[in-house]
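Coordinates in review
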Amino acid sequence: MPNTEPSLPAASATLRFGPSLRFELQPAEHRLLVDGQPAALGRRALDLLIVLAERPDHLLSKNELLDRVWPGLVVEEANLQMQISNLRKVLGSELIATVPGRGYRFAAAVDDGAAPAAAAPSSAPSSAPAPAPAPALTEPATKGASSRPHHRLIGRDSDLAQLEALLSGEGCVTLVGSAGVGKTSLARAAVARWRGRSVWVDLAALAQGRQVAAALARALDLQLSGGDADAPAQLVAALRTQSLLLVLDNAEHLIDTCAELAALMRPLAGVQLLVTSQAPLAIAGERVLRLQPLALPDVDTHLGDGALALLVERIVAADHRFTVTPAALPQLRALCAQLDGLPLALEMAAARVPLLGLQGVHDALAERFALLTRGHRDAAARHRTLHNALEWSYGLLGDDEQRLFRHLGVFAGGFTLELAVALMADAGDARWDVIDGLAALADRSLLVVGDGDLPRYQLLESMRAFALEQLARAGELADARRHHAAAVLGLFGRFAIGNAPVQALCLAEMENARDAIAWARDHDLGSAAQLCTQGTLVSTFSVWRHEAGNWLLALAPLMEAPAGQALPAPLQAAWWTERARTASMRRDPDARLAARRAMALWQPLQQPRQLLRATLIWVRSITAADAELAEACAALQAQAAALPDLPPFECLSVQGALARAALMRGDLATMLACRESEVVLARQLGMQDTIDAAESSIVNVLSGLGRHAEAVERGWALLARLDFDGSGRNGNLPWTLGALSSALLALGRVGEAKALLPRQFAAARRFATLPLLMPVLSQLAAAEQRFAAAALLQGYARQSYESRGLRFEHQEAAGLERVLAAASAALGAGQAQALVEQGRSLTDDAAEALVMGDAHVGPGA
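Residues numbered from 1 in each chain as written. Predicted model: local features only at pLDDT ≥ 70, side-chain atom pairs only at ≥ 80, totals over all residues. Heavy atoms only, no water.

Within the chain one finds 40 helices and 15 strands. Here the contacts in the chain between residues at least 6 apart in sequence split such that 68% fall between residues at least 24 apart. When the accessible surface of the chain is totalled, it reaches about 36800 Å², and 53% of it is carbon and sulfur. (Helix = DSSP H or I, 4+ residues; strand = E, 2+ residues; numbered from the N terminus. Contact = heavy atoms within 4.5 Å. Areas by Shrake-Rupley, 256 points an atom, 1.4 Å probe, with all protein chains shown as cover.)

A word on the packing of helix α27 (residues 608-621) against helix α29 (residues 648-665). Packing of α27 against α29 brings their axes to within 8 Å, and their N-to-C directions diverge by 20 degrees. In terms of orientation, α27 lies roughly parallel with respect to α29. In the packing of α27 onto α29, the handedness of the crossing is left-handed. Within the contact between the two elements, α27 uses Arg609, Leu612, Leu616, Val619 and Arg620 and α29 uses Glu650, Ser653, Val654, Gly656, Ala657, Arg660 and Ala661. Per-class residue counts for the contact of α27 with α29 are 6 nonpolar, 2 polar and 4 charged. (Axes fitted to C-alpha atoms, helices over the stretch in contact; angles between N-to-C directions. Parallel < 35°, antiparallel > 145°, perpendicular 65-115°, else oblique. Left-handed = near helix turned anticlockwise from the far one by under 90°. Nonpolar A, V, L, I, M, F, W, Y, C, P; charged D, E, K, R; others polar.)

Turning our eyes to something else, we now look at the pairing of strand β10 (residues 198-202). In terms of residue burial, β10 counts as a mostly covered element, since 5 of its 5 residues are buried. The alternating pattern of β10 places Ser198, Trp200 and Asp202 on one face and Val199 and Val201 on the opposite face, and all of these are buried. Sheet analysis places β10 next to strand β11 (residues 244-249), joined by 5 bridges and oriented parallel. Each residue of the ladder has a partner; that of Val199, found in β11, is Leu246. (Buried < 20%, exposed > 50% of the residue type's maximum accessible area, 1.4 Å probe, protein only. Pairing = 2+ DSSP bridges.)

What follows is about a negative patch on the surface. On the surface, Asp399, Asp400, Asp433 and Asp436 cluster together into a negatively charged patch. With respect to the helices and strands, Asp400 occurs in helix α14 (residues 399-408). On the accessibility criterion, Asp400 (56% relative accessible area) is exposed. (Patch = residues over 30% accessible without salt bridge, like charges linked within 9 Å, V, L, I, M, F, W, Y side chains within 5 Å. Salt bridge = Lys/Arg side-chain N within 4 Å of Asp/Glu carboxyl O. Lys, Arg positive; Asp, Glu negative; His and termini not counted. Charge placed at Lys NZ, Arg CZ, Asp CG, Glu CD.)

With that settled, the discussion passes to the packing of aromatic side chains. Scanning the entire structure with this criterion turns up 8 aromatic pairs. Between Phe411 and Phe415, the ring centres sit 4.6 Å apart and the planes meet at 25 degrees, which makes this aromatic pair stacked. The same class applies to Phe411 and to Phe415, which are both buried. Through a chain of ring-to-ring contacts, three or more aromatic side chains come together here, namely Phe17, Phe23 and Phe106. (Phe/Tyr/Trp six-rings, centres within 6.5 Å; stacked < 30°, edge-to-face > 60°.)

This next bit is on the packing of helix α20 (residues 510-523) against helix α21 (residues 525-538). Direction vectors running N to C along α20 and α21 enclose 150 degrees, while the axes themselves pass 7 Å from each other. The angle between α20 and α21 falls in the class roughly antiparallel. Pair α20 / α21 crosses with left-handed handedness. In this structure, α20 contributes Met510, Ala516, Ile517, Ala520, Arg521 and His523 to the contact, and α21 contributes Leu525, Ser527, Ala528, Leu531, Cys532, Gly535 and Val538.

Across the sheet, which stays open at both edges, the 5 strands sit in the order β4-β3-β2-β1-β8 with antiparallel pairing between neighbours. Each end of this open sheet is capped by a strand with a single partner; those strands are β4 (37-38) and β8 (110-111). In this sheet, strand β2 (residues 23-26) lies alongside strand β1 (residues 15-17) in antiparallel orientation, the contact comprising 3 bridges. Pairing of Phe17 across the sheet is with Phe23, part of β2.

Whether parallel or antiparallel, the strands of a sheet pair through hydrogen bonds between backbone atoms. Strand order across the open sheet formed by 5 strands is β10-β11-β12-β9-β13, with parallel pairing between neighbours. Every interior strand has two partners, whereas the edge strands, β10 and β13 (287-290), have only one. Sheet twist, expressed as the average angle between the axes of neighbouring strands with direction ignored, equals 15 degrees. Strand direction decides the pairing type here: strand β9 (residues 173-176) and β13, joined by 4 bridges, are parallel.

Under the counting rule described, the total for this entry stands at 37 salt bridges. Among the ionic pairs, Asp159 bridges to Arg156, the shortest N-O distance being 3.1 Å. By relative accessible area, which is 13% here, Asp159 ends up buried. We classify Arg156 as buried; its relative accessible area is 5%. The closest approach of N and O atoms between Arg609 and Asp645, which form a salt bridge, is 3.3 Å. Separated by 36 residues along the polypeptide, Arg609 in helix α27 and Asp645 in the loop between α28 (627-641) and α29 bring together distant segments of the chain. The network of salt bridges with common partners includes Arg592, Arg596, Asp626 and Glu628.

In this section: helix α5 (residues 183-193). With 9 of its 11 residues buried, α5 lies for the most part within the structure. Every buried residue of α5 is listed here: Lys183, Thr184, Ser185, Leu186, Ala187, Arg188, Ala189, Ala190 and Val191. Check the buried side of α5 and you find it contacts α4 (157-167), β9, β10, β11 and β12 (271-277).

Between its first and last C-alpha atoms α27 spans 20 Å; for 14 residues at 1.5 Å apiece the expected length is 20 Å, and the two agree. Those residues of α27 lying buried are Leu611, Leu612, Ala614, Thr615, Leu616, Ile617, Trp618, Val619 and Ser621. Buried positions along α27 lie against α25 (569-585), α26 (590-602), α28 and α29. (Expected span 1.5 Å × (residues − 1).)

Read these as geometric descriptors, not functional statements.
Here it is as structure tokens:
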């Protein structure tokens with residue numbers, strides 16, 4: 001059978017190496033001569049030698065060698081080791097060096113019989129070739145040549161097209177971006193496609209501006225006379241007759257000098273100047289292309305052509321056994337997000353995966369600067385670790401800019417100008433000082449500026465970690481945390497129910513609220529209590545509701561301790577009021593006690609409206625039609641009557657509480673009337689979230705009254721409004737979907753109810769309401785005649801409620817009783833009850849699979 005394995009493409013240049021050049025490698029003839037005689041080497045050994053000799057004195061990883069020598073085949077590393085051994089038997093042990101754990105390096109000096117030509121710069125993002133003591137890179141003789149293994153440019157097609165379009169025009173083009181974003185890689189790609197002559201000069205090793213002209217002269221093979229002051233003019237004069245692309249790489253520390261040179265070169269028609277820098281040159285005629293991190297992957301995408309694709313390619317380069325599985329995708333996406341799509345960080349993280357695994361790398365990012373240290377050995381020193389790269393950028397800032405940068409590290413998830421001004425106010429910085437500082441950081445590519453008329457600002461996570469490190473090193477961390485908490489509290493303290501503009505500002509700062517509360521718990525309990533109270537109010541109808549409630553509940557032990565009881569009485573009363581409201585929404589039985597404690601705190605403070613609010617929460621917290629409910633309703637109505645000037649918002653709240661009480665009594669007609677009144681009042685106030693919540697409840701009540709067709713009609717209309725864009729962000733979605741599904745089932749429209757399942761589960765996961773979803777889904781399984789599944793889900797629902805101290809509402813309990821009766825009739829009472837008990841041990845994932853029909857549990861499942 002003929003050999004059909006692919007082999008290396010033939011090269012033409014003869015290479016001589018070794019002592020007295022006794023070895024002659026002839027790639028075109030695929031043979032090696034030793035002292036003029038053919039050596040006895042197999043085809044694979046020769047392929048391997050050709051690959052090694054192509055790049056003498058460069059480390060080639062085992063995976064790269066396996067890919068090049070055995071393309072398209074899966075082979076063990078033992079094959080590589082065997083061929084290395086065969087080569088050493090002929091060449092001796094000194095010419096091929098082993099780099100433990102990494103790969104091999106061809107250690108011989110190679111003579112190809114041609115004049116030496118400098119290579120183009122390397123291809124790792126933002127990594128420049130190691131500078132010579134006197135930098136003088138000349139033009140590449142071969143497009144695409146590289147001093148390191150060449151990687152394809154990932155996720156930069158659009159950027160490359162923009163750069164080439166800019167280079168086709170006149171004037172200086174500056175490629176601007178943060179450290180590690182890939183400026184050098186993109187510039188290298190543009191040079192490789194440039195059709196004319198190009199000269200590349202790396203400025204990284206230069207320390208003083210006066211060295212730039214001399215470095216350019218060496219690169220251009222020009223002789224300059226006179227002193228440093230005359231050099232720029234002589235250089236420009238020599239370039240008047242030349243036509244070339246001139247690249248100045250890594251110019252950020254020599255901005256002034258490069259700007260002067262660029263201005264002098266502007267009249268030169270034949271010279272196109274490309275500069276890579278962390279900041280623009282800020283000269284007339286300059287065209288700036290600002291390079292952003294690679295695009296982060298969406299949840300629904302696979303590899304794509306952005307950060308995820310780069311990460312996977314580099315992991316495979318480090319370990320050819322790695323494959324992308326569905327289980328690995330979430331971790332890969334999370335790594336891309338944690339590293340902000342920054343190519344240098346992604347490459348360094350990928351190098352750690354073979355040893356640590358994806359989860360290990362993910363966990364180790366808590367110490368990211370220790371983790372991200374495996375840059376290319378031949379990269380510029382500042383790009384061999386992520387910390388070095390950021391330290392270089394930080395060192396280029398002035399003292400005031402450094403101080404602002406490190407203080408901004410306390411912001412999580414971004415910040416507004418107003419928050420930054422509030423943070424720096426205690427340090428004596430005026431508003432315009434902060435504005436100028438932010439502008440400088442943005443110019444230096446250290447600050448991301450969002451879109452819009454009132455943009456948000458953000459430090460990438462790696463830069464934020466570095467800023468916090470510098471803040472701690474400067475001894476300023478404690479003060480900065482205190483100022484941060486005060487700034488966030490200043491914003492949240494402005495919120496009042498119904499103030500939508502301030503609410504939107506607060507919701508954008510929930511990550512900052514989280515960090516401020518975490519600090520304040522240990523250092524300023526009063527601020528923590530205020531932030532928790534306002535945070536739960538702000539987030540009532542948002543995806544933050546569950547997490548914000550957890551912040552507040554986690555503070556309970558401290559609020560019940562002496563330190564909490566020593567806080568001002570109004571602050572305690574406000575916290576306990578919100579504690580009761582949060583617990584009531586979660587159907588937590590402790591809500592009643594919290595509400596009564598809040599009332600006891602408000603009563604002596606002579607604040608009747610705050611007392612009214614605590615009382616209506618007391619009404620809402622009662623889950624049975626008992627004497628306490630009657631007492632609470634009477635107290636609420638008496639307090640409301642004593643306030644004749646009760647504004648519409650408080651009338652609305654009273655109606656909501658009375659509607660809840662009607663539900664507990666099973667008086668659905670009264671409840672419907674209360675909810676309709678709520679809608680009218682909320683419309684007067686423009687409170688859309690409250691309108692949506694009342695409408696959702698109306699759908700449920702109509703179904704309970706047997707008016708299922710009306711419930712379905714209103715339910716579909718409400719759902720279309722709540723989720724008009726398919727984002728699933730509205731906090732009323734879980735309840736609306738549940739009420740609509742229940743009404744559809746009552747009408748026997750099982751197919752429509754089942755079609756809602758994906759949206760129901762998405763909303764339940766987003767808002768942490770999965771247990772509340774299960775009663776109606778148990779009914780769905782029964783409607784599909786899957787009685788075993790229905791019984792199992794009923795057990796899961798009962799366990800979920802009981803473990804959280806929750807009770808089923810009247811309609812839920814009645815529905816579950818009907819399901820159990822149907823399951824008992826179909827399976828037998830004993831079997832149905834056994835399945836209910838078995839369902840108590842289901843996990844969330846197992847319950848979801850059961851609902852979707854992905855799990856088999858026997859007959860009738």
